[in-house]
Amino acid sequence: MVVFRLRRDHRRRFIILFLSLAGFIIYRHFGGQSGKMRRNRSTGLRVNSSQFTLGGEQFCILGGSLHYFRVPRAYWKDRMMKMKACGLNTITVDVPWSLHQPEKEEFSFQEGHDLESFLHLATEVGLWVILRPGPYVGSDLDLGGLPSWLLRDKEMRLRTTYPGFLAAVCVYFNKLIPKVVPFQFKKGGPIIAIQVENKYGSHGRDGKYMSFLKEALLERGISELLLTSDNHEGLKYGGIEGALRALNLQKINYDDIRYLKTVQSNSPMLVMELWTGRSDGWGGLHHSFPAEDLVAVAREALRQGMSINLHLFHGGTNFGFINGAMAYPSYKALVTSYDYDAPLSEAGEYTPKYHLLRDLLSRFNRETLPVMPSIRWKEEYEPAIMFQHLSLWDALPYTHKPFKSNLPINMENLPVNNGNGQAYGYTLYETVIITGGFLKSGHNIKDRALVFVNQSFIGIFYQRNLELAVSDDKGKRTLSLLIENCGRVHYGKDMDDQRKGIVGDILLNNVPLRDFTIYSLDMTSDFFDRLYSAPWKFPPNKPSFPGFFQGRIFVNGYPSDTFIKLPGWSKGVIFINGQNIGRYWDAGPQQALFLPGPFLNSGMNQVSSYEYLLTSFRRMDLYRQVSTIAVIYTHLF
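Everything in this summary refers to the structure shown in the same document. (Residues numbered from 1 in each chain as written. Predicted model: local features only at pLDDT ≥ 70, side-chain atom pairs only at ≥ 80, totals over all residues. Heavy atoms only, no water.)

## Some words on the packing of helix H8 (residues 291–303) against helix H9 (residues 352–361)
Phase 1 of the analysis: Across the interface, H8 lies against H9 with an axial gap of 9 Å and an inter-helix angle of 20°. Regarding the angle of H8 to H9, the classification is roughly parallel. Note that H8 runs across H9; the crossing there is right-handed. Two secondary-structure elements touch here, H8 through Ala291, Glu292, Leu294, Val295, Ala298, Arg299 and Leu302 and H9 through Pro352, Lys353, Leu356, Leu357, Leu360 and Leu361.
Phase 2 of the analysis: Among the residues forming the contact of H8 with H9, the class breakdown is 10 nonpolar, no polar and 3 charged. (Axes fitted to C-alpha atoms, helices over the stretch in contact; angles between N-to-C directions. Helix = DSSP H or I, 4+ residues; strand = E, 2+ residues; numbered from the N terminus. Parallel < 35°, antiparallel > 145°, perpendicular 65-115°, else oblique. Left-handed = near helix turned anticlockwise from the far one by under 90°. Contact = heavy atoms within 4.5 Å. Nonpolar A, V, L, I, M, F, W, Y, C, P; charged D, E, K, R; others polar.)

In structure tokens, the structure reads:
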């Protein structure tokens, strides 16, 4: 009798436990979303009136752009929750082809590129999604987010109906689109709209191209609202039948608004990109857009019944070599920081723009806004002492095997990376000369070259310096040109002309140089792994350059966010525990690099750097900076 009673008690507890778990799962799946996420899923985002409807209910898009590839994965949810707390209901997501298909036969949807996990988080936080799958997204990325291996085809015409481009798009879409189809609104997911291409009206007039992309999306299962997005100059040419036209602006242009009302009457108005700031270029000034001006534009747009998307709500960081470049008025590569003067700073901190926007958007939310998440602690660590040095010349035997070529070959067509060429980093071209004279680049150096004779530095080729003098010594000498890809142009008519390295003849006394030995220095994790067996030495007082340096950072306790300052260093790249955190350059305006806590380990951390023109300094300062990135920039002026 006692045994029976015990078994019955166990059975009762098991049933209670089972019901509790089932209830929790049901709550997480159906009740975990905010009330605004629980809508009739039979009809998606509709545009057949002056206001959007979603699930049959009136809906105003209060959106913000957030680039998952510029934010550490550990911080995705933090940034989304800060969006939600600001009063936004939608997140706009750009999907960069170049990061998801770095090689023709290689796709990457893991770790920091895990788009599906990002979309799951958006649902968990309670944000709708506008997806921008490209193939071109712009986003101030290298080549606008297009993979550089496309340029191996000398006839390639990007963003057109050129067969080679469309074939590559189809392969990419065959992999990407099935991953996002289940996340559409009518299937229970957060995606309420899909953008076709980006700002195409400012780039081309190929209507067949846009039609092809539209059909490519529909054929692969996209069923939500389609839209296009264009600036003022492209608004008349970027639209496509069956897709809502949206506009981009920083200040209200009433002519554009009237035009849209004419071509799509009785449709809602969407400002797809309300620019909250802009990116900076190396050697230029830091740009900002006053908070009061931004809020005034947002207030006026909302007053007129428009929906808006803040581009960007949070910028993040150009980790690695992903930064793009501007072509006009002259070439200028973008800095590592993608702070953008956005409402949420590069380090995820609140700015005056955030607080003013939160006050404004609270009036357009029926529910009380969530509490603002706390700011993450920033820590100041001891300076990192760089105690090992390896000159570039000593490192060459440990890099990719060099190859010979009579003619110079551009970076993208080098026979490396499984036939995909070199996407980023540096390339070294060496040849033998027997005379001195005048060396002319003829605009065939892309983008910046350090020039050496017998490993002795003689000068730099860049956009405005096209000629160097070579001393007239006797005998054979090795001429070396170390070329940096500073970033491909991300927007405009020059995108087909973005091959890097040496892209044409280099002349010595008007005679083309020939017979090159070429080294690919792509600075990947595999590249650095090969260097560990090289003969590293303690840095001399005047280390040779270019060179590699290694050091350590000790973190006591749980790692916190910090910034790296490099006093006395000139130009190069920093790696923390193998993670490329970006470029530095004393040309400014950026004066420090953001180092997120998730990139650090508790205890010892490895620091590696590649430096162009190092002086005698051998330390890096890591410091706490609680204010916005703009305060760092003011150290320049």
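Having put the structure on the table, let's press on.
## Some details on the packing of aromatic side chains
Phase 1 of the analysis: Throughout the structure, instances matching the rule amount to 31 aromatic pairs.
Phase 2 of the analysis: Relative to Trp76, the ring of Tyr68 has its centre 6.2 Å away and its plane inclined at 85°; by these criteria the two rings are edge-to-face.
Phase 3 of the analysis: Taken together, Phe321, Tyr424, Tyr426, Phe527, Phe528, Phe548, Phe575 and Tyr610 form an aromatic cluster joined through their ring pairs.
Phase 4 of the analysis: The residue whose ring lies beneath Lys236 is Tyr259, and the NZ or CZ to ring-centre distance is 5.8 Å.
Phase 5 of the analysis: Lying over the aromatic face of Trp585, Lys571 brings its terminal NZ or CZ to 4.6 Å of the ring centre. (Phe/Tyr/Trp six-rings, centres within 6.5 Å; stacked < 30°, edge-to-face > 60°. Lys NZ or Arg CZ within 6 Å of the ring centre and 35° of its normal.)

## With respect to helix H5 (residues 163–180)
A turn of α-helix holds 3.6 residues, and therefore any two residues three or four places apart point the same way.
Phase 1 of the analysis: Taking 1.5 Å per residue, 18 residues should reach 26 Å; H5 reaches 25 Å between its end C-alpha atoms and fits that length.
Phase 2 of the analysis: The sharpest bend along H5 measures roughly 35° and falls at Phe173.
Phase 3 of the analysis: If you check which residues of H5 are buried, you get Phe165, Leu166, Ala168, Val169, Tyr172, Phe173, Leu176, Ile177 and Val180.
Phase 4 of the analysis: Check the buried side of H5 and you find it contacts helix H3 (97–100), helix H4 (115–125), strand S6 (128–132), strand S7 (191–195) and helix H6 (207–219). (Expected span 1.5 Å × (residues − 1). Bend = angle between axes of the 7 residues up to and from the residue. Buried < 20%, exposed > 50% of the residue type's maximum accessible area, 1.4 Å probe, protein only.)

## As for the pairing of strand S9 (residues 244–249)
Phase 1 of the analysis: S9 sits mainly inside the fold: 6 of its 6 residues count as buried.
Phase 2 of the analysis: With burial as the criterion, each face of S9 is covered, one bearing Leu244, Ala246 and Asn248 and the other bearing Arg245, Leu247 and Leu249.
Phase 3 of the analysis: Inspection of the sheet shows strand S8 (residues 225–230) paired to S9 by 4 bridges, in the parallel sense. Bridge pairing in S9 links Asp230 to Leu247.
Phase 4 of the analysis: Both S9 and strand S10 (residues 270–275) contribute to a ladder of 3 bridges, which runs parallel. Following the sheet pairing, Asn248 is matched in S10 by Glu273. (Pairing = 2+ DSSP bridges.)

## Some words on unusual backbone geometry
Phase 1 of the analysis: Residue His311 is joined to Leu312 through a cis peptide bond whose omega torsion reads 5°.
Phase 2 of the analysis: Here the residue pair Lys446 and Asp447 is connected by a cis peptide bond, since its omega of 15° sits within 30 degrees of zero.
Phase 3 of the analysis: Among the secondary structure elements, Asp447 is positioned in the loop between strand S18 (445–446) and strand S19 (448–453).
Phase 4 of the analysis: With a phi angle near 70°, Tyr340 is a residue other than glycine that sits in the positive phi range.
Phase 5 of the analysis: Relative to the elements of secondary structure, Tyr340 occurs in the loop between strand S13 (332–333) and H9.
Phase 6 of the analysis: Even without a glycine there, the phi angle at Asp515 is positive, about 60°.
Phase 7 of the analysis: Within the secondary structure, Asp515 is located in the loop between strand S25 (511–512) and strand S26 (516–521).

## Observations concerning the pattern of salt bridges
Phase 1 of the analysis: Following the criterion strictly, the structure yields 23 salt bridges and no others.
Phase 2 of the analysis: A salt bridge links Glu57 to Arg39; the nearest nitrogen and oxygen atoms lie 3.5 Å apart. One end of the pair, Glu57, is in strand S3 (residues 57–59); the other, Arg39, is in the loop between helix H1 (2–31) and strand S1 (45–46), with 18 residues separating them in the sequence.
Phase 3 of the analysis: By relative accessible area, which is 38% here, Glu57 ends up partly exposed.
Phase 4 of the analysis: Arg39 gets classed as buried once you look at its relative accessible area, which sits at 14%.
Phase 5 of the analysis: With its nearest N and O atoms 2.6 Å apart, the salt bridge here joins Lys500 to Asp447. With Lys500 in the loop between strand S22 (477–484) and strand S23 (501–502) and Asp447 in the loop between S18 and S19, this pair connects stretches of sequence that are 53 residues apart. (Salt bridge = Lys/Arg side-chain N within 4 Å of Asp/Glu carboxyl O.)

## Brief notes about the side chain of Thr517
Phase 1 of the analysis: With respect to the element layout, Thr517 can be found in strand S26.
Phase 2 of the analysis: Looking at Thr517, its side chain comes within polar contact range of the side chain of Lys404, at 2.9 Å. (Polar contact = N/O pair within 3.5 Å; in protein donor to acceptor, adjacent residues only side chain to side chain.)

## A word on the environment of Lys84
Phase 1 of the analysis: Among the structural elements, Lys84 can be located in helix H2 (residues 76–86).
Phase 2 of the analysis: Assessed through its relative accessible area of 15%, Lys84 is described here as buried.
Phase 3 of the analysis: Put simply, Lys84 and Leu392 are 308 residues apart on the chain and 48 Å apart in space, counted from C-alpha to C-alpha.
Phase 4 of the analysis: A distance of 2.7 Å separates a polar side-chain atom of Lys84 from the backbone oxygen of Gly126.

## A look at H4
Phase 1 of the analysis: Three or more residues of H4 are buried, namely Leu115, Phe118, Leu119, Leu121, Ala122, Thr123 and Val125.
Phase 2 of the analysis: Here the buried face of H4 lies against strand S4 (62–66), H2, strand S5 (90–94), S6, H5 and S7.
Phase 3 of the analysis: Immediately downstream of H4, the backbone of Gly126 shows phi near 100°, a positive value.

## Overview of the sheet that holds S9
Phase 1 of the analysis: Taken together, 8 strands build a closed barrel; the order of strands is S4-S5-S6-S7-S8-S9-S10-S11 and the barrel is parallel. Averaged over all pairs of adjacent strands, the angle between their axes in this sheet comes to 30°, without regard to strand direction.
Phase 2 of the analysis: Relative to the sheet, H4 contacts S4, S5, S6 and S7, its axis offset from that of S5 by approximately 170°.

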